[in-house]
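One letter stands for each residue in the lines below.
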Amino acid sequence: MAGVGEDSLALFGAGVRAALEAWPALQIAVENGFGGVHSQEKAEWLGGAVEEYFIRNADLELDEVEDFLGELMTNEFDTVVEDGSLPQVSQQLQTMFHHFRRGDGAALREMASHITQRKCRVTATALMTARETDDEEEDADSTEEMEVTATNDGAATDGVCPEPEPSGPDSQTIEEEDIVEDGWTIVRRKK
């Protein structure tokens, strides 16, 4: 039975890391070095810190998880998250922890896979939008193909994210707003 618990713990850890890697606010902070020269290392550490937080505090409320993640973003990346993603990520993590406590490895795998697939779609859409903007500026008649590689440790079958789906009412787009208030960088949802 100990092997099942360890397997479940490994799946929970992988799910936590997938949720954090797919979190646009954290990715913006890392890509722009808001955590200093060691931003990437801090992001990797964050996965272990969140996993340990759940293990040590079994009966967490959603607002406690939000507060913890918000404090980590503020302390480690000098970033206040105001794009509405904090409650969503907190809920995902809390749901994963619930599956972990029940020993439901299949649900943990499914959630991590779903998060990773959604990350690929969001990344592909963002890259296509950026490419379209660049193409419009350079030459309106030029068209180029683009390949989006997966950054999800092989969760996609051949290392490439599936074709992006058209954006609809369920899709979310966020952008980084270059607003600095009293030394804080604010990330908000695009309207």
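This text follows the structure it describes.
Just so you know, the residues in each chain are numbered from 1, in the order the chain's sequence is written. The predicted origin of the model limits local features to residues at a pLDDT of at least 70 and limits the giving and counting of side-chain atom pairs to 80 or more, whereas totals for whole chains, interfaces and linings rest on all residues. To obtain the side-chain values, all non-hydrogen atoms of the structure were used and water was disregarded.

Some details on the overall build of the chain
Here is the rule: Strands here are runs of E lasting at least two residues and helices are runs of H or I lasting at least four, both read from the DSSP assignment and numbered beginning at the N terminus. Relative accessibility thresholds used throughout: buried, under 20% of the residue-type maximum; exposed, over 50%; partly exposed, between the two (1.4 Å probe, protein chains only). Whether two residues touch is decided by their heavy atoms; if any such pair falls within 4.5 Å, the residues are in contact. Here, Shrake-Rupley sampling with a 1.4 Å probe gives the accessible areas, and only protein chains in the shown set may cover a residue.
Along the backbone of the chain there are six helices and three strands. Counting from the amino terminus, the chain carries its helices and strands in the arrangement α-α-α-α-β-α-α-β-β. In the chain, which comprises 191 residues, the share counted as buried stands at 35%. Considering only contacts within the chain whose residues lie at least 6 apart along the sequence, 65% involve residues at least 24 apart. Surface accessibility of the chain: about 11,700 Å² in total, with carbon and sulfur atoms responsible for 48%.

Details of helix 5 (residues 85-102)
Note the following rule: Under the convention used throughout, the expected extent of a helix is 1.5 Å for every residue step, that is, one less than its residue count.
Look at helix 5: 26 Å from first C-alpha to last across 18 residues, which is about the 26 Å you get at 1.5 Å a residue. Within the sequence span of helix 5, burial applies to Ser 85, Leu 86, Val 89, Ser 90, Gln 92, Leu 93, Gln 94, Met 96, Phe 97, His 99 and Phe 100. Just downstream of helix 5 lies Gly 103, where phi reads positive at about 75°.

Things to note about the environment of Ala 25
In this structure, Ala 25 sits in helix 2 (residues 24-31). Taking relative accessible area as the criterion, Ala 25 reaches 0% and is therefore assigned buried. Sequence-wise, Ala 25 and Leu 86 are 61 residues apart; in three dimensions their C-alpha atoms are separated by 8.7 Å.

What to know about the packing of aromatic side chains
Just so we agree on the cut-off: Centre distance within 6.5 Å is the pairing criterion for rings of Phe, Tyr and Trp, where only the six-membered ring of Trp is used; planes under 30 degrees apart are then read as stacked, over 60 as edge-to-face, and the remainder as tilted.
In the structure shown here, the tally under the stated rule is seven aromatic pairs. Between Tyr 53 and Phe 54, the aromatic rings sit 6.2 Å apart at their centres with planes inclined by 80°, giving edge-to-face as the arrangement. Judged by centre distance (3.8 Å) and plane angle (5°), the ring pair of Tyr 53 and Phe 68 falls under stacked. Placement of the pair is Tyr 53 in helix 3 (residues 39-56) and Phe 68 in helix 4 (residues 62-77), with a sequence separation of 15 residues.

A look at the pattern of salt bridges
Quick reminder of the rule: Should a side-chain nitrogen of Lys or Arg be within 4 Å of a carboxyl oxygen of Asp or Glu, the pair is scored as a salt bridge.
Under the criterion given, the structure shown has six salt bridges. A salt bridge links Arg 109 to Asp 7; the nearest nitrogen and oxygen atoms lie 3.8 Å apart. Linking Arg 109 in helix 6 (residues 105-138) with Asp 7 in helix 1 (residues 2-21), this pair joins segments that are 102 residues apart in sequence. With a relative accessible area of 39%, Asp 7 lands in the partly exposed category. The partner of Glu 76 in a salt bridge is Lys 42, with the nearest N and O atoms 3.9 Å apart. Taken as a pair, Glu 76 in helix 4 and Lys 42 in helix 3 lie far apart in primary sequence, 34 residues in all. A relative accessible area of 23% places Glu 76 in the partly exposed class. By relative accessible area, Lys 42 is classed as partly exposed at 24%.

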